[in-house]
Amino acid sequence: MQLTQNHINQILQNLNLGQIEKGLQLAKNLLNTNKDNLQLNKLVAYIYSMKEQNHLSIDILRKIKKKFPQDFDVSNNLGYNYLNEEKVSLALENINDAIKINPHDPTPYKNLAEIYLLLRNFDKAESAINLCLEKIAKQVNSSLHLSNIVRLKVQIFLAKNERVSAIDFLKINLNQNFDPELLFELVNVDRDTITNDILNKAKSLIKDNIYSSHLDRLNKLSPLLFFLAKYYEKNDQSLSEEYYNQANTEVKNIQRLKVIVFQKRFKSIMNSYNSIKDLEGSSPQRGTGNLFIVGMPRSGTSLLESVVTANSQVFPGGELKAMNRLYDIFEESPNTNLIEKIDDMGREYSDITSEIKGAHDYIVDKMPLNATLIGFILKALPNAKIILILRNPWDIAISLYKQRYVQNITFAASFFNIGVYMANFEAIVNFWLNHPSIKNKIYKLKYEDLVNNFDLEQKSIYQFCEISSPYQQKVRESHFVRTASMNQVQGKIHKESIKKNAFENGHKEFLDAYYSQAEYWKSLGPSITYNFFGYFGQKG
């Protein structure tokens, strides 16, 4: 099929209408007969990147770069995809290639800042984001969304413990452009800096905004509602909850989430593990130096990371996407040699984390939902250590509901969905714990025990992880995380997040959903008492 501009326009129209698969299929069909067309290759790679299939995007971009080594987009997008795969050397190589090709474009400097933030080289991250802002200032029209750049610089300020600078920078940018995203960022950094004038402006925007689409409404309205909800938490709980309810309704309206997708995924993981449970990889020592902190989101994984990394041996890797990505590749791979697939999974994860941790002995991956992959982790990385943190489920539910999660934690916008998900989570964790060879390799910890008996738990955790360097309290209190938990993690450990009293109207909805979904899992066996690991009263 001969490629024409009409074909390109049709693909772009499909993408604009959200018809991603239709656009991809047309682009791939055209690529079969136009293999060396630069524009078409870049477009297919872009669509794969949209679908978070970075490895497929990389395959295309690597091939086309050999033919068009001086194309800026190819090098920059290749670097971006490697960044999303957390392959830092390859990301740096390609982003620096892009800068050499066009040193005036701000985009690669933003990607560079992201890499150095991952590596916790905060000075280099700051230099890169400053260069990005300088390039934007010299351009009439930049493709970059300025609020994303501002928020990234704020994160770097906070990483360097420069909170006042972060606040001032946000206020300067809000004065120039009253962006709802920056407003939401400001209330999370420092609620006390919010004035009546700012509050009134936010309320006026809610009243007067005109929206061009459902997505435009979500992007403009939800951050304003979450902003007001967060602001009123301390002095008007009822009004705060009302705003949280409105905000999450907006999220639900755009998501139209079917929570059965999680049930299906967890069942698929269990069935897949049963096919490899008796197999062993070829490298029994692989995983040495890899520490995993797993649990429900908002269960205390960030606090626990701040404890585990408060020494000279352990690098805080944050929430790495690698393990979930590698599991998906494991399932998609046509290779029928399961031992080879296990080895490939472990080898690539080890390579990624070894590069990130540098000279440190250990690296922590605190992606909470790695809990769903515990068995696969221990097959691929037999010598890894896993800490499972548990927390009062209603405290988790409230905390989830108060966060502005749209894409990354899609079930957080309703107590019904959270309840269903928790039953699914309990089912798959119990599936792992029912295997003695797995259970014996997991350190199980309750959040409440961590904050109530800190000294004892800290020592036990270090003993389990074989961390020999001394615990440093000041390092823990200044720990930086790129999650909603940052303010709770830094400073002294407190007990304010235990047994929360809020959203009473949602409590029954949450419990009914949890127990209803638990009945489904009980019907499949084995016989397990569903009480969220002992937090609920005995039921069923």
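Here, the structure is the one placed above.
Residues numbered from 1 in each chain as written. Predicted model: local features only at pLDDT ≥ 70, side-chain atom pairs only at ≥ 80, totals over all residues. Heavy atoms only, no water.

### Some details on the overall build of the protein
A count of helical and extended segments in the protein gives 27 helices and five strands. Taking 2.2 N^0.38 as the reference for a compact globule, 540 residues should give roughly 24 Å; the C-alpha atoms of the protein span a radius of gyration of 24 Å, in line with that estimate. Overall, the C-alpha framework of the protein stretches about 65 × 65 × 45 Å when taken along its three principal axes. Counting over 540 residues, the protein shows a buried share of 56%. Considering only intrachain contacts with a sequence separation of at least 6, the fraction spanning at least 24 residues in the protein is 71%. Summed over all atoms, the accessible surface of the protein reaches about 24,700 Å², with 48% contributed by carbon and sulfur. For the protein, the distance from the average position of its 65 positive side-chain charges to the average position of its 58 negative side-chain charges is 2 Å. (Helix = DSSP H or I, 4+ residues; strand = E, 2+ residues; numbered from the N terminus. Rg over C-alpha atoms; globule rule 2.2 N^0.38 Å. Buried < 20%, exposed > 50% of the residue type's maximum accessible area, 1.4 Å probe, protein only. Contact = heavy atoms within 4.5 Å. Areas by Shrake-Rupley, 256 points an atom, 1.4 Å probe, with all protein chains shown as cover. Lys, Arg positive; Asp, Glu negative; His and termini not counted. Charge placed at Lys NZ, Arg CZ, Asp CG, Glu CD.)

### Some details on the sheet that holds strand S4 (residues 385–390)
The strand order across the open sheet formed by five strands is S2-S3-S1-S4-S5, and the pairing between neighbours is parallel. Strands with a single pairing partner mark the edges of an open sheet, and in this sheet they are strand S2 (314–316) and strand S5 (442–446). Across the sheet, the mean angle from the axis of one strand to that of its neighbour is 25 degrees, orientation sign disregarded. Here strand S1 (residues 290–295) pairs with S4 via five bridges, running parallel. In the strand pairing of S4, Val 294 is matched with Leu 388. Sheet strands touched by helix H24 (residues 454–465): S1, strand S3 (362–365), S4 and S5. Its angle to S5, the strand with the most contacts, is close to 165 degrees. (Pairing = 2+ DSSP bridges. Axes fitted to C-alpha atoms, helices over the stretch in contact; angles between N-to-C directions.)

### Section: helix H9 (residues 146–159)
Its 14 residues place the ends of H9 20 Å apart at the C-alpha level, agreeing with the 20 Å of an ideal helix rising 1.5 Å per residue. For H9, the tally of buried residues reaches 11 of 14 residues, placing the bulk of the element in the interior. Considered for burial, the residues of H9 that qualify are Ser 147, Ile 149, Val 150, Leu 152, Lys 153, Val 154, Gln 155, Ile 156, Phe 157, Leu 158 and Ala 159. Where H9 ends, the next residue or the one after it, Asn 161, has phi of about 60 degrees, a positive value. (Expected span 1.5 Å × (residues − 1).)

### Examining the packing of helix H13 (residues 214–231) against helix H14 (residues 237–255)
It is at 8 Å that the axes of H13 and H14 come closest, and there the two elements cross at 160 degrees. Relative to H14, H13 is oriented roughly antiparallel. Considering the relative orientation of H13 and H14, their crossing is left-handed. Along the contact surface, H13 presents His 214, Leu 215, Arg 217, Leu 218, Leu 221, Ser 222, Leu 225, Phe 226, Leu 228, Ala 229 and Lys 230, while H14 presents Ser 240, Tyr 243, Tyr 244, Gln 246, Ala 247, Asn 248, Glu 250, Val 251 and Ile 254. Here the residues of the contact of H13 with H14 sort into 12 nonpolar, five polar and three charged. (Parallel < 35°, antiparallel > 145°, perpendicular 65-115°, else oblique. Left-handed = near helix turned anticlockwise from the far one by under 90°. Nonpolar A, V, L, I, M, F, W, Y, C, P; charged D, E, K, R; others polar.)

### Description of the pattern of salt bridges
Tallied over the full model, the rule gives 26 salt bridges. Among the salt bridges present, the one from Asp 97 reaches Lys 65, with a minimum N-O distance of 2.8 Å. With a gap of 32 residues between them, Asp 97 in helix H6 (residues 88–101) and Lys 65 in helix H4 (residues 54–67) connect regions that are remote in the sequence. The class for Asp 97 is partly exposed, based on a relative accessible area of 23%. For Glu 181, the salt bridge identified is with Arg 404, shortest N-O distance 2.9 Å. Of this pair, Glu 181 sits in helix H11 (residues 180–189) while Arg 404 is found in the loop between helix H20 (393–401) and helix H21 (415–433), placing the two residues 223 residues apart along the sequence. An identical accessibility class is assigned to Glu 181 and Arg 404; each is buried. Within the structure, one salt-bridge network assembled from shared partners comprises Glu 85, Lys 87, Arg 325 and Glu 348. (Salt bridge = Lys/Arg side-chain N within 4 Å of Asp/Glu carboxyl O.)

Function-wise, these values are silent; they only describe arrangement.
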